[in-house]
Amino acid sequence: MSGAALAVVVVVVFFLALYLLQRYGDLWKQQRMVLFGTLLSWFLCFLIIFILPLDVSTTIYKQCVHDNSNNLTPVPQEGRNNHTKASSSLYSPMSVQKICEEPWSYIPDGILPVFWRVVYWTSQFLTWLLIPFMQSYARSGAFSRVGKIKTALIENAIYYGTYLLIFISLLIYVAAHPKWKLTWTELQTIGITAANTWGLFLLVLLLGYGLVQIPRSYWLSSSHGYLLAKTYFKTAKMATEKVSAEENLADVIEEVAAVHKSVRNNHSLRNCVDTILTKVISAVQRCGQTQVRWSILLDEAFHLEDVTKSQSSPVKHFVHSFPSVHHQSYIRRFIYTPTVEWYWECVYRQAFYRLLAVLLSLLSAAIVWSECTFFSTQPVLSLFAVFITVAEKQYSYICIEMVCFISILFLCVCVYSTVFTIRVFNYYYLVPHHQTDAYSLQFSAMLFCRLTPPLCLNFLGLIHMDSAISHQDRIQTSYSSIMGSMHLLSFISDGFYIYYPMLVLLLCFATFYNLGSRCLNLLGFHQYLTDDDLASDLVDEGRELIRRERRRRQKAEDGSNQRLIWRERYGIQGLSGSSRAGYAELKDTSPVTEINRSGITFTGRDGEMDEQQAGLLLDNAGDEDSPNIRNDSLWRTSGGRYLSLSPYRTGIFDDV
């Protein structure tokens with residue numbers, strides 16, 4: 001196959017990263033520099049995940065060729081009878097030469113080392129320099145570009161204090177060691193080791209939660225009653241967050257309107273006021289994201305209630321409460337019909353989720369066991385190392401690559417889902433339907449680049465393909481070779497890298513008994529616990545909220561159907577209306593803010609209308625220019641589909 005497999009994987013991974021970026025971000029509205037940095041970071045991290053299995057299989061083939069060229073491989077007594085007499089006559093009675101089969105995805109020599117260097121160092125440049133600088137630049141409150149750059153440099157210098165502390169400590173250790181001399185290669189190794197140490201420290205903490213929570217979430221999701229109760233709980237919490245976001249937006253707009261009115265256009269501070277006005281868009285985005293998440297949660301609650309009704313119905317036909325929301329696509333009309341949907345939701349879904357939960361639990365148990373025993377090479381206790389060894393003897397490269405890919409992918413899901421499940425104190429989180437803001441996109445890109453390299457290096461240790469940990473005389477993978485010789489820092493390779501991953505066992509026990517959720521409850525961050533009285537009260541509150549929203553949406557549905565009937569009967573075009581049943585109808589009596597091309601229309605809490613025709617919340621191309629209002633800064637929907645709330649930016653770092 002030469003390098004064809006590598007080329008195909010690169011293309012597939014690029015489109016995968018592009019698809020995910022389009023799902024969570026907005027390719028047409030968000031700032032181009034943010035999109036480029038996020039896409040490149042995701043692309044490079046996905047490349048490591050997809051190509052590392054190919055590197056493993058290629059290394060195993062090279063090891064076989066190396067063994068044949070240097071010496072003969074001893075064969076056990078029971079295996080000697082299976083070889084031909086011709087082979088026995090050429091070599092000693094106790095040895096026979098292996099027949100090395102080239103893998104289908106073999107990558108020629110010299111390609112992977114260069115490839116890994118480009119991928120690794122580019123990702124490290126993005127995660128440690130460019131993306132943090134872009135985030136600090138965008139958050140800066142300075143009114144000039146020089147001031148923003150100065151603030152970004154100071155913030156990053158403070159932030160990198162811990163990383164520099166680790167690097168300097170390792171540098172002093174190597175400099176004081178009598179056997180080592182500081183060269184450029186050794187400095188690279190120290191930098192890589194420091195980055196991997198920082199990543200492994202955070203990696204194990206996140207992994208311990210995900211290894212337990214992901215299988216348990218699928219098992220609990222198989223219970224329809226549990227899932228519905230948790231949805232009610234989340235609805236009650238989301239309602240509070242939604243009201244808070246709307247009130248915050250209302251307060252911000254009142255303050256901004258007052259400042260805008262008090263400072264005239266010819267005032268010396270007018271440029272500063274214009275800059276302040278542009279930053280209000282972040283409050284609009286936060287409110288819009290909450291509206292979208294609220295609508296998604298309502299859809300989920302309505303669907304679960306429809307499942308409850310369908311389970312008790314004698315007719316094996318799934319009925320939706322609001323059919324107009326579900327578009328009659330080709331799949332729904334001919335493949336996923338109401339009958340098929342009934343069988344899936346009411347019969348097979350529970351069994352499938354429980355089977356999936358069992359399989360994921362076994363995989364989690366294998367990972368935990370291997371993390372605690374991978375340092376043992378005689379005997380081999382790591383389950384992944386045992387499987388790779390057996391598959392290597394059978395030359396089953398497909399099995400080797402599939403096991404490596406599934407294991408690495410599951411580790412990544414456990415780690416990254418943990419971060420965006422806790423949502424980092426409600427500030428960074430990924431929201432589908434193009435609703436993720438630029439800060440969260442940059443944070444995810446930075447986090448992926450920092451955690452993926454140590455995660456893959458840890459996996460190579462699990463399968464005994466990292467000689468710095470396993471201490472075996474084997475050919476290293478091209479990926480581990482770019483990390484340098486970890487023996488340079490023996491207390492890291494022989495100590496921290498081996499014993500620290502065992503901490504994952506304690507974290508798994510803590511997650512299994514919900515110690516983290518109980519601690520968050522005590523701190524005021526309410527979590528869903530079945531034995532908690534406050535959670536029961538929130539479930540009841542959420543149930544009432546869903547009933548109210550169902551009545552409101554049903555009224556909107558009936559009104560839309562009535563207008564449609566009148567239009568078809570009498571041909572009246574003016575009654576078509578735009579208030580079809582969908583997410584655009586999900587409004588309440590809370591403060592409402594409408595931003596249009598002429599200015600701001602604000603409805604206060606007392607119901608009085610206050611109009612500021614002054615061009616607030618404008619979307620400018622730079623900090624010094626006058627803002628220009630945009631009609632697409634708010635969240636809105638069309639035909640049941642979510643549209644982007646992200647403003648279009650033309651400045652390099654203006655990603656808010």
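Fair warning: this is a prediction, and the values are worked out from it, not measured in the lab.

Student: Give me the overall build of the chain: which residues, what numbers.
Tutor: The helix and strand inventory of the chain stands at 22 helices and seven strands. When the 656 residues of the chain are sorted by exposure, 48% land in the buried category. Across the chain, every contact between residues at least 6 apart in sequence was considered, and the portion connecting residues at least 24 apart equals 73%. Accessible area for the chain stands at about 32,200 Å²; split by element, carbon and sulfur atoms hold 63% of it.

Student: Kindly report on unusual backbone geometry, identifying the contributing residues and their values.
Tutor: A cis amide bond links glutamine 378 with the next residue in sequence, proline 379, at an omega value of 0 degrees. Positive phi, close to 60 degrees, is recorded for histidine 433, a residue that is not glycine. Residue placement: histidine 433 occurs in the loop between helix 15 (397-427) and helix 16 (438-462). Classification of histidine 433 as partly exposed rests on a relative accessible area of 29%. One non-glycine residue, histidine 434, lies in the positive phi region at around 65 degrees. The residue histidine 434 is located in the loop between helix 15 and helix 16 in this model. Judged by its relative accessible area of 19%, histidine 434 is buried.

Student: I'd love a proper account of the environment of aspartate 494, names of residues and values included.
Tutor: Take aspartate 494: it is sitting in helix 19 (residues 490-499). Relative accessible area serves as the criterion here: at 33%, aspartate 494 is assigned to the partly exposed category. Along the chain, aspartate 494 and histidine 471 lie 23 residues apart, while their C-alpha atoms are 9.8 Å from each other.

Student: Quick rundown of the packing of helix 5 (residues 111-139) against helix 8 (residues 184-221)? Include the residues and the values.
Tutor: The N-to-C vectors of helix 5 and helix 8 enclose an angle of 60 degrees; their axes lie 13 Å apart at closest approach. For the element pair helix 5 / helix 8, the angle class is oblique. Judged by the sense of rotation from one axis to the other, the crossing of helix 5 with helix 8 is left-handed. On the side of helix 5, the interface is formed by Tyr120, Trp121, Gln124 and Trp128, while helix 8 contributes Gln188, Ile192, Ala195, Asn196 and Trp198.

Student: Any chance you could break down the state of the cysteines for me, citing the residues and the numbers?
Tutor: Following the criterion strictly, the structure yields one disulfide and no others. The disulfide partner of cysteine 64 is cysteine 100, and the gap between their sulfur atoms is 1.9 Å. Linking cysteine 64 and cysteine 100, the disulfide has an S-S dihedral of approximately -90 degrees and is accordingly described as left-handed. In this pair, cysteine 64 sits in helix 2 (residues 32-70) while cysteine 100 sits in the loop between strand 2 (95-96) and helix 5, placing the two residues 36 residues apart along the sequence. With a relative accessible area of 21%, cysteine 100 lands in the partly exposed category.

Student: I'd like to hear about the nonpolar core, residue by residue, with values.
Tutor: Trp116 and Leu211 are the most contacted members of the largest nonpolar core, which has 101 residues in total. It is helix 2 that contributes the most residues to this core, 17 residues altogether. Dropping the residues within four chain positions of it, tryptophan 116 is found in contact with Leu47, Ile48, Ile51, Leu52, Asp55, Ser478, Tyr479 and Ile482. The next biggest cluster of nonpolar side chains, apart from the first, holds 22 residues, and it includes Ala236, Trp294, Leu297 and Leu304.

Student: Which residues make up a nonpolar patch on the surface, and what values go with them?
Tutor: A contiguous nonpolar patch, built from Trp219, Leu355, Val358, Leu359 and Leu362 and spanning about 500 Å² of accessible area, is present on the exposed surface. At four residues, the largest contribution of residues to the nonpolar patch is made by helix 13 (residues 338-373). By the element assignment, leucine 355 lies in helix 13.

Student: For helix 1 (residues 4-24), give the residues involved together with the corresponding values.
Tutor: Taking 1.5 Å of rise per residue, the 21 residues of helix 1 would be expected to cover 30 Å, and the 31 Å separating its terminal C-alpha atoms lies within 8% of that figure. Tucked inside the fold, the buried residues of helix 1 contact helix 2, helix 5 and helix 16.

Student: Could you give an account of the side chain of aspartate 26, with specific residues and numbers?
Tutor: Within the element layout of this structure, aspartate 26 appears in the loop between helix 1 and helix 2. At a separation of 3.0 Å, a polar atom in the side chain of aspartate 26 contacts the main-chain amide nitrogen of tryptophan 28.

Student: Any chance you could break down the pattern of salt bridges for me, citing the residues and the numbers?
Tutor: Across all of its chains, the model carries 12 salt bridges by this definition. Here glutamate 392 ties to arginine 474 by a salt bridge, and the two come within 3.7 Å at their closest N and O atoms. One end of the pair, glutamate 392, is in helix 14 (residues 383-394); the other, arginine 474, is in the loop between helix 17 (467-470) and helix 18 (478-481), and 82 residues separate them in sequence. Residues glutamate 549 and arginine 548 are paired through a salt bridge, measuring 3.5 Å at the closest nitrogen-oxygen approach. By relative accessible area, glutamate 549 is classed as buried at 5%. Several salt bridges converge on common partners, so that one network encompasses Glu305, Asp306 and Arg550.

Student: Which residues make up the confidence of the model for the chain, and what values do they have?
Tutor: When the pLDDT values of the chain are averaged, the result is 77; 75% of them are 70 or greater. Put simply, helix 4 (residues 85-90) is where the chain has its lowest mean pLDDT, 39, and helix 13 is where it has its highest, 93. Here residues 73-95 scores under 50 on pLDDT; set against residues more than four positions off or in separate chains, the count is 17 contacts. In the predicted structure, residues 574-656 sits below a pLDDT of 50 and forms 227 contacts with residues beyond four places in sequence or in another chain.

Student: Give a detailed account of the side chain of threonine 38, specifying residues and quantitative values.
Tutor: Tracing the chain through its elements places threonine 38 in helix 2. Accessibility expressed as a relative area gives 1% for threonine 38, which makes it buried. Sequence-distant contacts of threonine 38, defined by excluding residues within four places in its chain, comprise Leu21, Leu441, Gln442 and Ala445.

Student: Could you give an account of the packing of aromatic side chains, naming the residues involved and the relevant values?
Tutor: Summed over the entire model, instances satisfying the criterion amount to 22 aromatic pairs. Consider the rings of phenylalanine 14 and phenylalanine 43, whose centres lie 5.8 Å apart with planes at 85 degrees: the pair is edge-to-face. Of the two residues, phenylalanine 14 sits in helix 1 while phenylalanine 43 sits in helix 2, which places them 29 residues apart along the sequence. For phenylalanine 14, a relative accessible area of 32% corresponds to the partly exposed category. The exposure class of phenylalanine 43 is buried, given its relative accessible area of 14%. An aromatic cluster of at least three residues, connected via ring pairs, comprises Tyr218, Trp344, Phe352 and Tyr353. Positioned over the ring face of tryptophan 294 is lysine 242, at 5.7 Å from the centre of the ring. Just above the ring of tyrosine 353 sits the side chain of arginine 349; from NZ or CZ to the centre is 4.4 Å.

Student: Describe in detail helix 8, supporting the description with residues and values.
Tutor: Since the α-helix turns once every 3.6 residues, residues separated by three or four places project in the same direction. When the terminal C-alpha atoms of helix 8 are compared, their 53 Å separation across 38 residues agrees well with the 56 Å that a helix rising 1.5 Å per residue should span. Of all bends in helix 8, the biggest is about 25 degrees, found at glycine 210.

Student: Mind laying out the environment of lysine 230, listing which residues take part and the relevant values?
Tutor: You can see lysine 230 is positioned in helix 9 (residues 224-262). For the pair formed by lysine 230 and serine 536, sequence separation is 306 residues and the distance between their alpha carbons is 9.8 Å.

Student: Break down the environment of tyrosine 160 for me, with residues and values.
Tutor: Topologically, tyrosine 160 is positioned in the loop between helix 6 (145-159) and helix 7 (161-176). Through-space distance from the C-alpha of tyrosine 160 to that of tryptophan 128 is 8.6 Å; in sequence the pair is 32 residues apart. Contacts of tyrosine 160, omitting those with residues within four sequence positions, involve Thr127, Trp128, Leu129, Pro132 and Arg450.

Calculation rules
- Residues numbered from 1 in each chain as written.
- Predicted model: local features only at pLDDT ≥ 70, side-chain atom pairs only at ≥ 80, totals over all residues.
- Heavy atoms only, no water.
- Helix = DSSP H or I, 4+ residues; strand = E, 2+ residues; numbered from the N terminus.
- Buried < 20%, exposed > 50% of the residue type's maximum accessible area, 1.4 Å probe, protein only.
- Contact = heavy atoms within 4.5 Å.
- Areas by Shrake-Rupley, 256 points an atom, 1.4 Å probe, with all protein chains shown as cover.
- Axes fitted to C-alpha atoms, helices over the stretch in contact; angles between N-to-C directions.
- Parallel < 35°, antiparallel > 145°, perpendicular 65-115°, else oblique.
- Left-handed = near helix turned anticlockwise from the far one by under 90°.
- Disulfide = S-S within 2.5 Å.
- Core = buried A, V, L, I, M, F, W, Y, C linked by side-chain atoms within 4.5 Å.
- Patch = residues over 30% accessible without salt bridge, like charges linked within 9 Å, V, L, I, M, F, W, Y side chains within 5 Å.
- Salt bridge = Lys/Arg side-chain N within 4 Å of Asp/Glu carboxyl O.
- Expected span 1.5 Å × (residues − 1).
- Polar contact = N/O pair within 3.5 Å; in protein donor to acceptor, adjacent residues only side chain to side chain.
- pLDDT = per-residue confidence, 0-100.
- Phe/Tyr/Trp six-rings, centres within 6.5 Å; stacked < 30°, edge-to-face > 60°.
- Lys NZ or Arg CZ within 6 Å of the ring centre and 35° of its normal.
- Bend = angle between axes of the 7 residues up to and from the residue.

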